[in-house]
Amino acid sequence: MARSSPVFEQPKSFRASRRWGRGYTVETTDVVVIGAGFAGLVAARELGRSGHSVIVLEARDRVGGRTWTNHALGHDLELGGTWVHWVQPHVWSEMTRYGREIVRSPMAEEAYWLGAGAEVRKGTLADFTALIDEGQRQIIADALAMIPRAVDPTVGGITERDQLSLQQRLDEIALDDEARSANESVWVGHVNAPLNEVGLSSALRWASAAGGHWPLMHEASATYRVVGGMSGFTAAIAADVPGDIRLNSTVTAVEHDATCAVVSLSDGRQLRAQRVVMTLPINAVDTIKVTPVLPDAWVRSNRERVASQGFKVWIKVRGRLPRFFAYASQHHAISVLKSEFVEDDHTILVGFGADHRAIDITSVEQVNAALGVWRDDLEVIGVAAHDWMKDPLSQNTWMTHRPSQLTRDLSELQQADGVLHFAGCDTADLWGGFIDGAIESGLREARLVSASLAT
Ligand SMILES: Cc1cc2nc3c(=O)[nH]c(=O)nc-3n(C[C@H](O)[C@H](O)[C@H](O)COP(=O)(O)OP(=O)(O)OC[C@H]3O[C@@H](n4cnc5c(N)ncnc54)[C@H](O)[C@@H]3O)c2cc1C
């Protein structure tokens, strides 16, 4: 990197002009990692274990980022990322390392969906699977031709078809109204976005990662929870970081040149580091003033926003209900609903929708009304949710691309800009947007940073 900055050409005056803690010098470290989600924690652990001094700066008062196990409605509920699977190699390696167990989310005894004219249909899991099978198979039939190796998601036929939205691809497939609506709502559950705004690439990447087998893709993304919760998992990784993790530390600016970077916090503190690893989601990256400006792909995709814009909500209803799942249409406020905990006097459901603006997920009344599309026998007595889209530190749920973003931006998002490195689930090759992808990206950048510091 040929850029230089007056700040770094005059280190003495720079140091003298800034106050750190009780002294008057800027604190120094080999590496600053911004963010203590899965990507940041794993990157910091690897860097610390490689012998580098590392400081993690996290704006929240907890580690875990978009994973957060919160006690609410009488249960430990995952407000963010939840399900993991052994076809996700990076997360599974961490599961093994920290001795984590899995528990299966309940198998449904009943299924509800909407027929033609929006009348409610009721059947079994097998009935619903048969209804969506043709649509699911067709949409991902060419997944292995489009993305032959899921670890190289921008190589293959996808380069020709990345401009297609998932909706456009669905519209190419001949389905009756009932099967179409069911398939669409299933995809909302996966991509957390209106289907006309999300790239076909998201469906193809996941299908490719699951060997082109759609039931495995579903199982991988919504079946097995981690015993002890995601917060227990990230606490175990955090305890293993041989460095300092500083909570309540909001980074406001990063200035970098060819040799080092100065990281500024909202309280005026500053740190000087040889390398910085940023792990912010694409949508939130503009909350930090970076000088020189971020690479084009970051600026461009941040301005566009990624496709995902939905929500997840936990719902407590009165009474012990048979375990069920329900799909409405992609246009209903809640498109997907399923039982997660069944107790003697109540049942806990989890719901997903494509647009977080379509419903106030903190309102018992609005959620109760939304469930009315399937059943009028449900009485909502509590809700619990975190609106990740409104949260300035995430501004997103799990990342899915808009059409063309994958092949246009991913490779560039992975490139370091001099001493500034980028990790985070949005930059992953394999399970982009997932916990697995966050871990992959942390491992990748730790390796690259370590190698660059060794030269
Ligand atoms: C509702 C929901 C459901 C999900 N379900 C699943 C699932 O079932 N399975 C799955 O695999 N994935 C799921 N995901 C996605 C998964 O949670 C994410 O892929 C993963 O947690 C992202 O980790 P990360 O480290 O890349 O980013 P993050 O977890 O977002 O970490 C970035 C960190 O940077 C911090 N930060 C931001 N700005 C600053 C700043 N200025 N200064 C300091 N720190 C800052 C943030 O507070 C955050 O802790 C879900 C996500 C959501 C929201």
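Predicted model, so just to flag it, every value in this text is computed and none were measured.

Conventions used here
- Residues numbered from 1 in each chain as written.
- Predicted model: local features only at pLDDT ≥ 70, side-chain atom pairs only at ≥ 80, totals over all residues.
- Heavy atoms only, no water.
- Helix = DSSP H or I, 4+ residues; strand = E, 2+ residues; numbered from the N terminus.
- Rg over C-alpha atoms; globule rule 2.2 N^0.38 Å.
- Buried < 20%, exposed > 50% of the residue type's maximum accessible area, 1.4 Å probe, protein only.
- Areas by Shrake-Rupley, 256 points an atom, 1.4 Å probe, with all protein chains shown as cover.
- Lys, Arg positive; Asp, Glu negative; His and termini not counted.
- Charge placed at Lys NZ, Arg CZ, Asp CG, Glu CD.
- Pairing = 2+ DSSP bridges.
- Axes fitted to C-alpha atoms, helices over the stretch in contact; angles between N-to-C directions.
- UniProt positions renumbered as here; feature names shortened; annotations may be inferred.
- Contact = heavy atoms within 4.5 Å.
- 1 Å grid on protein atoms, 1.4 Å probe; cavity = no way out; pocket = protein on both sides within 12 Å on 5 of 7 lines; lining within 4 Å.
- Points joined across faces, edges and corners; volume = space filled by probe spheres on them.
- Nonpolar A, V, L, I, M, F, W, Y, C, P; charged D, E, K, R; others polar.
- Phe/Tyr/Trp six-rings, centres within 6.5 Å; stacked < 30°, edge-to-face > 60°.
- Lys NZ or Arg CZ within 6 Å of the ring centre and 35° of its normal.
- Salt bridge = Lys/Arg side-chain N within 4 Å of Asp/Glu carboxyl O.
- Polar contact = N/O pair within 3.5 Å; in protein donor to acceptor, adjacent residues only side chain to side chain.
- Near = heavy atom within 4 Å.
- Parallel < 35°, antiparallel > 145°, perpendicular 65-115°, else oblique.

Looking only at helices and strands, one finds 16 helices and 19 strands in the protein. Its C-alpha radius of gyration of 23 Å places the protein within 12% of the 23 Å reference for a compact globule of 455 residues. Along the first, second and third principal axes, the C-alpha set of the protein runs to 75 × 50 × 35 Å. Each of the 455 residues in the protein was classed as buried or not, and the buried ones make up 59%. Total accessible area computed for the protein in this model is approximately 17400 Å², and 50% of it derives from carbon and sulfur atoms. Within the protein, one finds 44 positive and 56 negative side-chain charges whose respective centroids are separated by 7 Å.

As a further point, take the sheet that holds strand β18 (residues 380-384). Ordered by their spatial adjacency, 7 strands build an open sheet running β7-β6-β15-β16-β17-β14-β18, and the pairing between neighbours is mixed. Only two strands of the sheet have a single partner each, and these edge strands are β7 (120-123) and β18. Averaged over all pairs of adjacent strands, the angle between strand axes in this sheet comes to 20°, irrespective of strand direction. As paired elements, strand β16 (residues 336-342) and strand β17 (residues 346-353) share 6 bridges and run antiparallel to each other. Bridge pairing in β17 links K338 to V350.

UniProt annotation of "binding site: FAD" (unreviewed entry) refers to E58, A59 and V251 when read in the numbering used here. Taken along the chain, the residues just named run across 194 residues; in space they keep tight, none of their C-alpha pairs more than 8.0 Å apart. Positionally, A59 belongs in the loop between β2 (54-57) and β3 (69-72). Within the fold, V251 resides in strand β10 (residues 251-256). Once residues lying within four places of it in the same chain are set aside, the contact partners of V251 are I34, L57, V263, S264, L265, T287 and I288.

Attention now goes to the pairing of strand β4 (residues 75-78). Inspection of the sheet shows β3 paired to β4 by 4 bridges, in the antiparallel sense. By the bridge assignment, N70 is partnered in β4 with L77.

So, on to the layout of surface pockets. When its volume is computed, the second largest pocket comes out at roughly 160 Å³. Within the residue set of the lining of the second largest pocket, elements represented by two or more residues are β13 (289-291) and α13 (296-304). Here the lining of the second largest pocket gets 4 residues from one element, more than from any other, and that element is α13. Of the residues belonging to the lining of the second largest pocket, the class tally is 7 nonpolar, 1 polar and 3 charged.

Where two aromatic rings form a pair, the distance of their centres and the angle of their planes describe that pair. Within this structure, the stated rule accounts for 15 aromatic pairs. Taking 6.1 Å as the distance between ring centres and 80° as the angle between the ring planes, the aromatic pair formed by W86 and W92 counts as edge-to-face. Classification of W86 as partly exposed rests on a relative accessible area of 42%. With relative accessibility at 24%, the residue W92 sits in the partly exposed group. An aromatic cluster is built from W113, F128, F325 and Y327, whose rings are joined through pairwise contacts. Over the ring of W83 we find K312, and its NZ or CZ is 5.4 Å from the ring centre. In this structure, R375 is placed above the aromatic ring of F324, and the distance from its NZ or CZ to the ring centre is 4.8 Å.

Let us look at the side chain of R62. If you trace the backbone, R62 turns up in the loop between β2 and β3. The side chain of R62 is buried and forms no salt bridge, while D61, the nearest opposite charge, is found at 5.0 Å. Of note is the side chain of R62, whose polar atom sits 2.8 Å from the backbone oxygen of G65. A distance of 3.2 Å separates a polar atom in the side chain of R62 from the backbone oxygen of T67. The residues contacting R62, other than those within four sequence positions of it, are T67, W68, L247 and W388.

Every one of the 37 residues lining the ligand counts as a neighbour, but E58, R66, W83, C425 and G433 are closest to it. Between the ligand and the protein, one listed contact pairs an oxygen atom with a backbone N or O atom of A39 at 3.0 Å. The contact in question runs from an oxygen atom of the ligand to an N or O atom on the backbone of G433, over 2.8 Å. Contact with the protein chains hides 98% of the accessible area of the ligand, taken as 1000 Å² for the molecule alone. Elements with a minimum of two residues in the shell around the ligand: α3 (38-49) and α16 (435-454). Of the residues belonging to the shell around the ligand, the class tally is 19 nonpolar, 14 polar and 4 charged.

Here helix α5 (residues 125-139) crosses helix α11 (residues 214-222) at 105°, and the two axes come no closer than 10 Å. Relative to α11, the element α5 lies roughly perpendicular. Each of T129, I132, D133, Q136 and R137 in α5 lies in contact with α11, whose residues at this interface are W214, M217 and H218. Its residues placed into classes, the contact of α5 with α11 shows 3 nonpolar, 3 polar and 2 charged.

What follows covers empty space enclosed by the protein. Summed over the entire model, instances satisfying the criterion amount to 1 cavity of 30 Å³ or more. Roughly 30 Å³ of internal volume is contained in the largest cavity. Lining the largest cavity are S202, R205, W206, M399, T400, H401 and G432. A per-class count over the lining of the largest cavity returns 2 nonpolar, 4 polar and 1 charged.

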